[in-house]
Amino acid sequence: MFIYPTDLRAGGQAASDKMAHADTDRADTPLPPTAREKRSMWGALMNNGLYKGVTDVLFKTPRRQFLLLASFPLFWVFFAHLGPIIEMFYISFLDSYPPAAGYEPQLTLANWSRFFEERIFMIPFFRTLGFAFTLTFVTLLITYPVAYFLAKHVKRKNQLLFLLLLLIPFWVGEIVRTYAIMILLGNNGAVNLLLKSIGLIDRPIPFMYTSFSLGVGIIYLTALYMLLPLYSALEKIPDNYLEAAADLGAGSWTRFRRVTLPLSREGIASGCTLVFLISTGYYATPVLLGGPNTTVFAESIAGFFHVAGDEWPTGAAFSAIMLITTLSLTGVFLKLMGRDGKGLMK
Amino acid sequence: MTRHTRILMSVIYWAFVVYLFVPLVLMVVMGFKDSKFIGFPIRAWTMEWYTGVFQDGQVLGVFAFSMAIALASTFLSLVIGTWVAAFLGPNNFRGKLIVFAVTCLPAVIPGIISAISLRIFARFLSIEPGMMAIILGHTVHNVPFVALVVMARLATLPKSQIEAAQDLGADSVVAFFRITLPYLKPALIGAGIFCMLLSFDDFVRAFFLGGYEPTLPVLIFAKLRSGMSPEINAISTIVLILTAVLGLWAERSMRRMNKGA
């Protein structure tokens, strides 16, 4: 079991300074390989009695190694990823939370039934779903030609550049981009100024605090999640499929409808799912760009958590209702599109 | 494809680029306006708002606070995400698909629900709202991204390299640190910068998990609610430049990784 310093060089950066040290030492006094091994950090580690003792016990069988490797990921994933959701569902059935001193919370269904009893919650809920459906569809219509152009018309060596041009704005955060839309659409905003200067309007059009400004803002935030899956699906379609269709006499519309569209189905499914899920979850954007007539469900839910905390169970129940609804809608959608959702995150 | 549709497509592409860039450009330009009032036309220009930001102790403090959260949550996400990937990637076992789905879960839950459930979870763990709670929230949210990127990279690691290391006497731990980890480096850099961006830009989790001390997006949000001002433009522009640079860097390292693989 020899680990030579030359092997170290191929390895990690972490060992590099130790290595330099070993090199200078070697220049002074040539050492046999076994002695050199002791000088290297990893060699020293592996010869350390304590390390040997611990790893001998831990790595004795492949099964033990596997369990050791598995233990933390399994704990993390089920505790930290699933835990919050489970705790949220649990609290949604309690009649009071956070627990008050000397009172044992009782299980109840009242938080869930409250949703079905009060119209002021039903309306934002269905409005959110309606918005999300509409915006997903509009985003698909807007980004499909863009993705098609990128995948099929831009030369391969330029594709990265053209794609990067679209990516840059999406690295900017939600709040900054929402603010940018406020400046664009305000009464003294760029659009109104432009319309006024070409004489189309005398008085500014009140774009802001409407479903229009909210829609523009949310599409601005989510378009990339549609564009990227579409692009990667369209890029995979071989050009000769389209040429073959053309040779067989298909016009451009038929080629699109019979070849391109079906082959980009996977991209459409992933893109729509992502945009739908993400657009239902925005909170700051509806607060800043929307008005009293565009209250979305995220704002209703947030309302329960602003107050001192006694309405948490209702907020938890409403979040649970929204989570179940959005996940099952996307599940049904993916089934309809003929996918099992396995490759959703690709 | 006819000539007309080709032209139409390129027009749509460039119109889309304009739609993406114009709001941001306007926002940057407005930060140089010599007036407290946001709106067009701009008659006088100034650098005052920018110099003001660099002298504003509150903004600088908040910036450092956001940075600390981003660095801490990125470090944790990288360690945990890599571990999850090292476990999920090469091993096949019953229920793997379920574990994989649960791994991805935080990335697909709508933002507000993620924030609320994490708020409840932090309370369950008796973590007070504030820095620790936000770091936890960002770590949970970012681990899926790290795990997916690292799994993709791991899939291309030649098995022979690990075997060679083991033949030369390395045990699993040494083989991981000497062979696997250096091989993962580009993936970790790319995923790490991506995590920094996600954390630094995040509003909804920081808003619900935060205490009295705001992160930068939460501060901008609070300022916006009390009225627009060129000062916000100056802060936002600085954030914008920072994120664009970080994003380009991440993109470059990921691109290199895919080429090198």
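Going by the structure above, here's the rest.
Conventions adopted
Residues numbered from 1 in each chain as written. Chains lettered and ligands numbered in written order. Predicted model: local features only at pLDDT ≥ 70, side-chain atom pairs only at ≥ 80, totals over all residues. Helix = DSSP H or I, 4+ residues; strand = E, 2+ residues; numbered from the N terminus. Buried ≥ 20, exposed ≤ 12 C-beta atoms within 10 Å, placed from the backbone. Contact = placed C-beta atoms within 7 Å. Nonpolar A, V, L, I, M, F, W, Y, C, P; charged D, E, K, R; others polar. Axes fitted to C-alpha atoms, helices over the stretch in contact; angles between N-to-C directions. Parallel < 35°, antiparallel > 145°, perpendicular 65-115°, else oblique. Core = buried A, V, L, I, M, F, W, Y, C linked by C-beta atoms within 7 Å.

> Help me understand the overall build of chain A, please; the structure alone is not making it clear to me.
What chain A contains, in helices and strands, is 19 helices and zero strands. Every one of the 346 residues in chain A was classed for burial, and the buried ones make up 36%. In chain A, once contacts between residues fewer than 6 apart in sequence are set aside, the share between residues at least 24 apart is 67%.

> Got a minute to help me understand the overall build of chain B in this structure?
Across its full length, chain B holds eleven helices and zero strands. Seen along its three principal axes, the alpha-carbon backbone of chain B occupies a region of about 75 × 65 × 30 Å. Taking all 261 residues of chain B together, the buried fraction comes to 49%. Sequence separation of 24 or more characterises 77% of the internal contacts of chain B that already satisfy a separation of 6 or more.

> Would you mind going over the interface of chain A and chain B with me for this structure?
Interface size is commonly expressed as the accessible surface area that is lost when the partners come together. Of the residues lining the interface, 79 residues belong to chain A; the matching set on chain B comes to 82 residues. Residues of the side of chain A that touches chain B, tallied by class, amount to 59 nonpolar, 17 polar and three charged.

> Would you take a moment to explain the environment of Ala244 of chain A for this structure?
Position of Ala244 of chain A relative to the elements: it lies in helix α14 (residues 239-247). Sequence separation of Ala244 of chain A and Leu327 of chain A is 83 residues, and the distance between their C-alpha atoms is 40 Å.

> How do you make sense of the packing of helix α16 (residues 265-280) of chain A against helix α19 (residues 312-336) of chain A when you look at a structure like this?
A packed helix pair is summarised by two numbers, namely the angle formed by the two axes and the spacing between the axes. All names here are of chain A. Viewed as axis vectors pointing N to C, α16 and α19 meet at an angle of 170°, and their least axial separation amounts to 10 Å. By the angle between their directions, the pair α16 and α19 is classed as roughly antiparallel. In this structure, α16 uses Ala269, Cys272, Thr273, Phe276, Leu277 and Thr280 to contact α19, whose residues at the interface are Met322, Thr326, Thr330, Phe333 and Leu334. Classifying every residue of the contact of α16 with α19 by side-chain character gives seven nonpolar, four polar and no charged.

> Honestly, the nonpolar core in this entry has me stumped. Any pointers?
As a rule of thumb, nonpolar side chains are buried together in soluble globular proteins. Within the largest apolar cluster, 157 residues are counted, with the highest numbers of intra-cluster contacts made by Leu227 of chain A together with Val84 and Ala191 of chain B. Aside from chain neighbours lying at most four places away, what touches Val84 of chain B is Pro73, Trp76 and Val77 of chain A together with Thr103, Val143 and Ala147 of chain B.

> Please clarify how the environment of Pro214 of chain B should be interpreted in this entry.
Residue and element names in this part refer to chain B. In this fold, Pro214 is placed in the loop between α9 (204-209) and α10 (216-225). Exposure remark for Pro214: the 20 C-beta atoms within 10 Å place this residue in the buried category. Along the primary structure Pro214 and Val62 are separated by 152 residues, whereas in three dimensions their C-alpha atoms are 6.6 Å apart. Excluding residues within four positions of it along the chain, Pro214 makes contact with Val62, Leu219 and Ala222.

> Any chance you could explain unusual backbone geometry here in plain terms?
In most cases, non-glycine residues show a negative phi, while peptide bonds are predominantly trans. We note that Tyr209 of chain A has phi near 60°; this positive angle belongs to a residue other than glycine. Relative to the assigned elements, Tyr209 of chain A resides in the loop between α12 (190-197) and α13 (211-235). Judged by C-beta crowding, with 17 C-beta atoms within 10 Å, Tyr209 of chain A ranks as partly exposed. A positive phi angle, near 60°, is found at Ser126 of chain B, a position not held by glycine. Overall, Ser126 of chain B belongs to the exposed group, with 6 C-beta atoms counted inside 10 Å.

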